[in-house]
Amino acid sequence: MADTILAVENLSKAFTMHLRGGIVLPVLEHVSFTVAAGECVVLGGPSGAGKSSIMKIVAGTYQARSGAVKVRHRGALVDTTAMTARDFAAVRRETIAEVTQFLRAIPRVSALDLVSAAGGGDGAREEAASLLTRLNLPERLWGLPPATFSGGEKQRVNIAAGFIRKTPLLLVDEPTASLDAANRAVVVDLITAKKAAGTAILGIFHDHEVREAVCDRVVDVTAFSPRRAA
Amino acid sequence: MARAITRRQCDTPAQSKDTAMATDTANPLPSPPGPAEGSAAPHTLNTGTALRRAAAHGAHPGADQPRAPGTPDEDAPLLTATGLTKTYGARIGCADVTFSLWPGEVLAIVGESGSGKTTLLSTVSGRLPRTSGAITYRLRDGTVTDIDDMTEAERRRLARTDWGFVHQNPADGLRMSVSAGGNVGERLMAVGGRHYGDIRATAAAWLERVEIPADRIDDAPRTFSGGMRQRLQIARNLVTHPRLVFLDEPTGGLDVSVQARVLDVMRRLVADLGLAAILVTHDLAVARLLADRMMVMKGGRVVEEGLTDRVLEDPQHPYTQLLVSSILAV
């Protein structure tokens, strides 16, 4: 399909624990699915099924054991499991945005600076301010480093830093876990707008309401469980 | 050893750059000593194009040349090390290390004490002679040269204009009894700055960038705290707008509270100036904050490399797994 942004093909992942006698912990096998432009695909399944592992492999934070993860980068589908770290860094910079569960605060960098830097380019500051306003982060916090923020406040900074980017692919891992209803609704609006703009979204949502509101298709991750297959 | 390299260059006057490089890789001849600071440059032999090229750069250190991101050059490595080996007699310092560094990229080298990371940094930066292997560097005019093909004076000029070296101990990189402004200004004068007022103004601007109060410009770093000294050393190195900076445990001797400021200053400057940097550290958090890519060393060899977060969150090699699992969580 011409508008495929992400194609995961026969992906498997296992952890080899060298410090524990080299035991191999299989996590995923034969993972295959695609995400098209403007589509929100949700990874479903219970805790421990490997949802976050799939997200991290797509993001490049985990290394695939075998299979392919193809991402449309500069117009062509490229296999990120077969490229150098430097090339993958370029794919991340231009093509993949990520909202993780936990914010990695940088000492001394304010919330507004952090979100602006994620956006980059002209007008990033205004856009960052507008996103933080929409997400109801009090303006008195903008100039402060988020290290001391509450869980919900950090998460909103994280969401703003992910959504300010205009990449073809957006990964969102439990973006609403510690948000109240009003802010969950804002996140739903943000996702809807991204979809309308043609962004392909791969997400994990435990919140049913949010999931119902944004999800086009669920990929059941338990189908890729090696234990089930055995 | 300098003589050996000179002789080889005389033997192969007509070689093209490519064949010369190929020869270097295979040639077991000892390498010349690096541009040791403070030592005289006794060379007298003109090696032709390399010298003229470097001389042109000496006259125009390029401090004011605007960077053009996105030019085709961005796709060519700035520095490439191939099969780099340094032995101390029978003992291995680093063995068969191969990597490339691109403009604007920060590469961290991590490992415990004795893993060879500092030897590798010293060898790549020409401070230690290598035993074998090749290092090529792309000059500002785009020509790629083998460091071996340069004369001692050319390498010293490169180290003064295009490279920076931030030592773990600021006293190793600063002149402790010269004023802060003088420490920064000295590098400017070394690349041709002559106007006192300009030099002082530039030095003052750089002190501000590294968060040293303006009224300390005439104080010697002897009177500075450890964190201030380290930030001054960073200013001294960056004032000439180098393209490549070597960072050797830059926060190693500092309290954690002081580290944050040094790290933040470094992080901002590296990003703002589009610097390439090779960062040696045993602190994985420092590597995570600053580096795009990471190499893990053990026993002088690179055992794992990759994107920084990938190496830290999904380490593959037993040693990396041990290193990562040994971090204390707070």
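In this report, we go over the structure that sits alongside the text. Every value quoted in this text rests on a predicted model; they were computed, and no experiment measured them. (Residues numbered from 1 in each chain as written. Chains lettered and ligands numbered in written order. Predicted model: local features only at pLDDT ≥ 70, side-chain atom pairs only at ≥ 80, totals over all residues. Heavy atoms only, no water.)

### Considering the interface of chain A and chain B
- Opposite the 21 residues of chain A that make contact, chain B presents 26 residues.
- Contact between chain A and chain B buries roughly 1900 Å² in total, counting both sides, with carbon and sulfur atoms accounting for 53%.
- Three residues, Leu 19, Arg 86 and Arg 108 of chain A, lead the burial of chain A against chain B; their summed loss comes to 33% of the area buried on that side.
- One can count 6 salt bridges joining chain A with chain B.
- Salt-bridge contacts for Arg 108 of chain A lead to Glu 211 of chain B; the nearest nitrogen and oxygen are separated by 2.8 Å.
- On the surface where chain A and chain B come into contact, there are 11 residue pairs in polar contact (both at pLDDT 80 or more).
- Considering every element that reaches the side of chain A that touches chain B, the biggest residue donor is helix α2 (residues 85-94) of chain A, with 5 residues. (Contact = heavy atoms within 4.5 Å. Buried area = accessible area lost by both parts, 1.4 Å probe. Salt bridge = Lys/Arg side-chain N within 4 Å of Asp/Glu carboxyl O. Polar contact = N/O pair within 3.5 Å; in protein donor to acceptor, adjacent residues only side chain to side chain. Helix = DSSP H or I, 4+ residues; strand = E, 2+ residues; numbered from the N terminus.)

### Looking at the pairing of strand β6 (residues 163-166) of chain B
All names here are of chain B.
- Side chains Trp 163 and Phe 165 of β6 all project onto a buried face; the interleaved residues Gly 164 and Val 166 project onto the opposite face, where all are buried too.
- Where β6 and strand β7 (residues 244-248) come together, 4 bridges link them in parallel fashion. Counted as the bridge partner of Trp 163 is Leu 244 from β7. (Buried < 20%, exposed > 50% of the residue type's maximum accessible area, 1.4 Å probe, protein only. Pairing = 2+ DSSP bridges.)

### Points about the environment of Val 69 of chain A
Residues and elements named next belong to chain A.
- Within the secondary structure, Val 69 is located in strand β4 (residues 66-73).
- Residue Val 69 is classed as buried on the basis of its relative accessible area, which comes to 0%.
- With 10 residues separating them along the chain, Val 69 and Ala 59 place their C-alpha atoms 9.9 Å apart.
- Setting aside residues up to four positions removed in sequence, Val 69 forms contacts with Leu 6, Ala 7, Val 8, Leu 11, Ile 57, Val 58, Val 78, Asp 79, Thr 80 and Thr 81.

### A short note on the sheet that holds strand β3 (residues 40-44) of chain A
Residues and elements named next belong to chain A.
- Strand order in the open sheet formed by 5 strands is β6-β7-β8-β3-β9, and the pairing between neighbours is parallel. Strands at the two margins of the open sheet, each flanked by one partner only, are β6 (96-99) and β9 (217-220). Looking at each pair of strands side by side, their axes are set apart by 20° on average, direction ignored.
- Pairing analysis gives 3 bridges linking β3 to strand β8 (residues 200-204), with the strands arranged parallel. By the bridge assignment, Val 41 is partnered in β8 with Leu 202. (Axes fitted to C-alpha atoms, helices over the stretch in contact; angles between N-to-C directions.)

### Quick look at the side chain of Gln 321 of chain B
- Assignment of secondary structure puts Gln 321 of chain B in helix α13 (residues 318-325).
- A distance of 2.8 Å separates the side chain of Gln 321 of chain B from the backbone oxygen of Thr 16 of chain A, its partner in a polar contact.
- Beyond its immediate chain neighbours, meaning those up to four positions away, Gln 321 of chain B contacts Thr 16, Met 17, His 18 and Leu 19 of chain A together with Pro 315 and Gln 316 of chain B.

### Side note on the packing of helix α3 (residues 111-119) of chain A against helix α5 (residues 151-163) of chain A
All names here are of chain A.
- Their axes nearest at 7 Å, the elements α3 and α5 cross at an angle of 25°. As the angle between them shows, α3 and α5 are arranged roughly parallel. As α3 packs across α5, the resulting crossing turns out to be right-handed. Residue-level contacts link Ala 111, Leu 114, Val 115 and Ala 118 of α3 to Val 157, Ala 160 and Ala 161 of α5.
- Its residues assigned to classes, the contact of α3 with α5 comprises 7 nonpolar, no polar and no charged. (Parallel < 35°, antiparallel > 145°, perpendicular 65-115°, else oblique. Left-handed = near helix turned anticlockwise from the far one by under 90°. Nonpolar A, V, L, I, M, F, W, Y, C, P; charged D, E, K, R; others polar.)

### With respect to helix α4 (residues 117-124) of chain B
All names here are of chain B.
- Counting buried positions along α4 gives 7 out of 8 residues, so the element sits mostly inside the fold.
- All of the buried residues along α4 are Lys 117, Thr 119, Leu 120, Leu 121, Ser 122, Thr 123 and Val 124.
- Just downstream of α4 lies Gly 126, where phi reads positive at about 80°.

### Quick notes on the sheet that holds strand β2 (residues 23-36) of chain A
Residue and element names in this part refer to chain A.
- The strand order across the open sheet formed by 4 strands is β2-β1-β4-β5, and the pairing between neighbours is antiparallel. Since the sheet does not close on itself, it has two edges, and those belong to β2 and β5 (76-79), each with one partner. The mean angle between the axes of side-by-side strands here comes to 25°, regardless of whether they run parallel or antiparallel.
- Across 10 bridges, strand β1 (residues 4-17) lies against β2 in antiparallel orientation. Within the sheet, the bridge partner assigned to Met 17 lies in β2 and is Ile 23.

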